[in-house]
Protein chains: 2
Amino acid sequence: MKLYSYFRSSASYRVRIALSLKNLPYDYAPIHMLRDGGEQFKPEYRKLNHDAVVPTLVDGDDVLTQSLAIIEYLEETHPQPPLLPAAPRDRAYVRSIALQIACEIHPIDNLRVLRYLKHTLGVEEAAKDAWYRHWVEAGFATLEEHLASDTRTGTFCFGDTPTMADACLVPQVFNARRFKIDTAAFPTIHRIADHAASLEAFARAAPGAQPDAE
Amino acid sequence: MKLYSYFRSSASYRVRIALSLKNLPYDYAPIHMLRDGGEQFKPEYRKLNHDAVVPTLVDGDDVLTQSLAIIEYLEETHPQPPLLPAAPRDRAYVRSIALQIACEIHPIDNLRVLRYLKHTLGVEEAAKDAWYRHWVEAGFATLEEHLASDTRTGTFCFGDTPTMADACLVPQVFNARRFKIDTAAFPTIHRIADHAASLEAFARAAPGAQPDAE
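What counts and what doesn't
- Residues numbered from 1 in each chain as written.
- Chains lettered and ligands numbered in written order.
- Predicted model: local features only at pLDDT ≥ 70, side-chain atom pairs only at ≥ 80, totals over all residues.
- Heavy atoms only, no water.
- Phe/Tyr/Trp six-rings, centres within 6.5 Å; stacked < 30°, edge-to-face > 60°.
- Helix = DSSP H or I, 4+ residues; strand = E, 2+ residues; numbered from the N terminus.
- Buried < 20%, exposed > 50% of the residue type's maximum accessible area, 1.4 Å probe, protein only.
- Lys NZ or Arg CZ within 6 Å of the ring centre and 35° of its normal.
- Axes fitted to C-alpha atoms, helices over the stretch in contact; angles between N-to-C directions.
- Parallel < 35°, antiparallel > 145°, perpendicular 65-115°, else oblique.
- Left-handed = near helix turned anticlockwise from the far one by under 90°.
- Contact = heavy atoms within 4.5 Å.
- Nonpolar A, V, L, I, M, F, W, Y, C, P; charged D, E, K, R; others polar.
- Domains from an automatic or database assignment.
- Buried area = accessible area lost by both parts, 1.4 Å probe.
- Salt bridge = Lys/Arg side-chain N within 4 Å of Asp/Glu carboxyl O.

Caption draft 1: Just the packing of aromatic side chains, in detail. Considering all chains together, one arrives at 21 aromatic pairs over all chains under this definition. An angle of 50° between the planes, with centres 5.4 Å apart, marks the rings of Y116(A) and W135(B) as tilted. Of this pair, Y116(A) sits in helix α5 (residues 111-120) while W135(B) is found in helix α6 (residues 125-149), placing the two residues in two different chains. Both residues of the pair, Y116(A) and W135(B), belong to the buried class. When the centroid spacing of 3.9 Å and the interplanar angle of 20° are considered together, the rings of Y132(B) and F179(B) count as stacked. Separated by 47 residues along the polypeptide, Y132(B) in helix α6 and F179(B) in the loop between α7 (164-178) and α8 (187-197) bring together distant segments of the chain. Sitting above the plane of the Y93(B) ring, R152(B) keeps its charged end 3.7 Å from the centroid.

Caption draft 2: Layout of the packing of helix α6 (residues 125-149) of chain A against helix α5 (residues 111-120) of chain B. Contact geometry of α6(A) with α5(B) gives a least axis separation of 13 Å together with a crossing angle of 150°. Put simply, α6(A) runs roughly antiparallel to α5(B). The two elements α6(A) and α5(B) cross, and the hand of that crossing is right-handed. Counting all contacts with α6(A), which are made through A130(A), W131(A), H134(A) and W135(A), the residues of α5(B) involved are R112(B), V113(B), Y116(B) and L117(B). Classifying every residue of the contact of α6(A) with α5(B) gives 6 nonpolar, 1 polar and 1 charged.

Caption draft 3: Inspection of the domain arrangement of chain A at higher detail. All names here are of chain A. Parsing chain A into structural domains produces domain 1 (2-81) and domain 2 (88-202). When each unit is reduced to the centre of its C-alpha atoms, the spacing between domain 1 and domain 2 is 20 Å. Listed per partner, the contact involves 12 residues of domain 1 and 19 residues of domain 2. Roughly 1,600 Å² of surface becomes buried between domain 1 and domain 2 when both sides are summed, with 67% attributable to carbon and sulfur atoms.

Caption draft 4: Up close: the interface of chain A and chain B. Facing the 42 residues of chain A at the interface are 42 residues of chain B. Here chain A packs against chain B, burying approximately 4,100 Å² in sum over the two surfaces, 61% of which is carbon and sulfur. Of all residues in chain A, the largest losses of buried area upon contact with chain B belong to H50(A), R112(A) and Y116(A), amounting jointly to 15% of the total for that side. Counting across the interface, chain A meets chain B through 12 salt bridges.

What follows is the structure, given as structure tokens:
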């Protein structure tokens, strides 16, 4: 398998965590999202990924896009260790956490949205930063409330083994900290992210451990 | 089962389509997102849905949130007719279309984001409308390119039977048209949405057919 990834991309990081947890070897193809106006826009890459986003996973003849679809694919083709629990109700719960991060927090703060705010709407740097903080903090506040009150929460989002939910949470926490958001204000999220960071499989997937890290 | 839904909510509409395609009966519990400052914020509802969003599906003792997690749950608990194909590569493809809509288009244009633009950033009505159009049109442009060039596209996004991808596409097209976006500029998307609208299962799930329709 070959993963087209940018070290700092949160969506790429999710897939790297899944590959790492499942001990799947892969070639790393860096796509620098800021260099030369963004390598993701080059025609050669856009043939693989019409949306011009990372990651893309190539497995034999198959070209897979969208981080959560890729993780579900890895779960179906390499079921061990599982990143989803067994019961449908629990699978739905884990997916709902992953989707809350992937749909409610991440998209509003990604690069192209921040660029539109700045270049098209002329929003000042401070207001752009406040925008970023607002959506992460609002999303983390409800997620914290959710995780802190649910009996299924363990050392990870669901029990004591990592799932797809943690593969989404850890990159979002990394991003939040990079933008100087105090994640200690969300103690359950903070604790789970720190626990994950202490494990080799998560460490291997971290931005700083990638070939294109700066 | 009981579905907490708002007739115009795109995410509620996705789940209504899935329930309808699978012929599953359910009680409809309306959550009016604009009345009284938003019924989704009431403490009673927030016990079910920490994020204060719709939909929420209650199935026996289980409370399920996030539209795509709910659709996956319905697929696992009521497999017929399937809303995902059989092969992992094809399942990933269908999920990637659903996620492109649910993660790349929809979140940036939802109610709370438009409100922040208006009330916090003081963006004028015209610029707010341009924002809406921009993200829908940008997302539809790449999705159109994708669907028009992929041999798997049929009368629906994947072949000739509806999948999770169509359950996401149809509500997004409904929304786009409501905001006067000319979807004919995206002929494959336009054709699939019109084909779906002609079918009873999709018509039953449409906003205008709901008890809370205005």
